[in-house]
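# Per-entry structural report
Each chain, letter by letter, is given below.
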Amino acid sequence: LAQNVGVGLEFRCLPFLGVYKASSRNAQSPKVLIYPIPHPINPFLGVHFTLTIDGQTKIGPTAIPVLGRENYSITQGISLRDSIETLKGFKSMVLGGTHDVSNLLTTELPKLSRKVLVREASLLVPSASEIKDWKSRPPGIRAQLIDTKSGQLQQDFVVLPGAKSTHVLNAVSPGWTSAIPFGRWIVKEKVLPQL
């Protein structure tokens with residue numbers, strides 16, 4: 001939307017697949033949300049524990065690079081246009097040298113295996129390895145914003161004014177972007193267009 005009105009032309013969205021597993025809550029399940037320390041270079045949170053409203057414990061997600069914004073499985077959701085855009089974005093990321101692309105691939109791709117994902121979760125909660133009924137949950141796609149000039153994945157919000165609009169780019173957290181303090185910050189920083 002921003003680029004349709006000439007805003008944020010230096011950015012591109014790269015799609016990353018997030019795979020989850022879930023189990024019914026039991027004695028080994030954590031009672032609270034548990035998150036790791038985020039990766040210092042690659043802007044991904046890492047495998048964490050989420051408690052769902054339907055009584056399950058979820059582990060994940062992965063951050064696996066994929067070829068399209070609807071590429072939820074290996075054989076579906078790949079479009080030529082998305083693939084070209086994605087490959088251009090990954091090329092700028094590799095050439096930019098800001099991120100550890102080889103680490104991203106070697107740590108994330110193995111997490112497609114349930115065993116590896118559970119082992120990663122067990123680093124936070126050792127009893128996760130005792131739970132045997134981990135089942136797949138629907139995956140998600142996270143669109144991570146990349147600056148195509150520097151090749152840097154954006155690790156925070158990018159808020160840019162248009163002529164008659166304000167654009168919040170790289171909004172990876174719906175809860176945060178809908179927060180009233182965030183709206184106050186946009187007004188305080190005068191990121192709003194002058195109408």
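Structure: above.
Residues numbered from 1 in each chain as written. Predicted model: local features only at pLDDT ≥ 70, side-chain atom pairs only at ≥ 80, totals over all residues. Heavy atoms only, no water.

This paragraph deals with the side chain of Thr52. Counting through the fold element by element, Thr52 comes out in the loop between strand S2 (48–51) and strand S3 (56–60). The exposure class assigned to Thr52 is buried, which follows from its relative accessible area of 14%. Beyond its immediate sequence surroundings of up to four residues, Thr52 is in contact with Arg25, Lys58 and Arg137. (Helix = DSSP H or I, 4+ residues; strand = E, 2+ residues; numbered from the N terminus. Buried < 20%, exposed > 50% of the residue type's maximum accessible area, 1.4 Å probe, protein only. Contact = heavy atoms within 4.5 Å.)

All right, on to the environment of Pro61 then. As for its placement among the helices and strands, Pro61 is situated in the loop between S3 and strand S4 (64–65). Sequence separation of Pro61 and His48 is 13 residues, and the distance between their C-alpha atoms is 7.2 Å. Pro61 has contacts with Gly18, Val19, Tyr20, Gly46, Val47 and His48, leaving out every residue within four places of it along the chain.

All right, on to the environment of Arg12 then. You can see Arg12 is positioned in strand S1 (residues 11–24). Remark: the alpha-carbon pair of Arg12 and Asp147, spanning 135 residues in sequence, is separated by 6.7 Å. Setting aside residues no more than four positions away along its own chain, Arg12 makes contact with Glu85, Lys88, Gly89, Gln144, Leu145, Ile146 and Thr148. A distance of 2.8 Å separates the side chain of Arg12 from the side chain of Glu85, its partner in a polar contact. (Polar contact = N/O pair within 3.5 Å; in protein donor to acceptor, adjacent residues only side chain to side chain.)

On to the packing of aromatic side chains, then. For the coordinates displayed, the defined rule picks out three aromatic pairs. Considering the side-chain rings of Phe16 and Phe90, the 5.8 Å spacing of their centres and the 80 degrees angle between planes classify their relative orientation as edge-to-face. Of the two residues, Phe16 is situated in strand S1 and Phe90 in helix H1 (residues 80–96); the sequence distance between them amounts to 74 residues. Phe90 shares its class with Phe16; the two are buried. (Phe/Tyr/Trp six-rings, centres within 6.5 Å; stacked < 30°, edge-to-face > 60°.)

Right, let's talk about the pairing of S2 for a bit. Bridge analysis of S2 against S3 gives four bridges, and the strand direction is antiparallel. Bridge pairing links Thr50 to Lys58 in S3. Linking two consecutive strands that pair antiparallel, namely S2 and S3, is a turn of four residues; a positive phi of about 85 degrees is found at Gly55 within it. (Pairing = 2+ DSSP bridges.)

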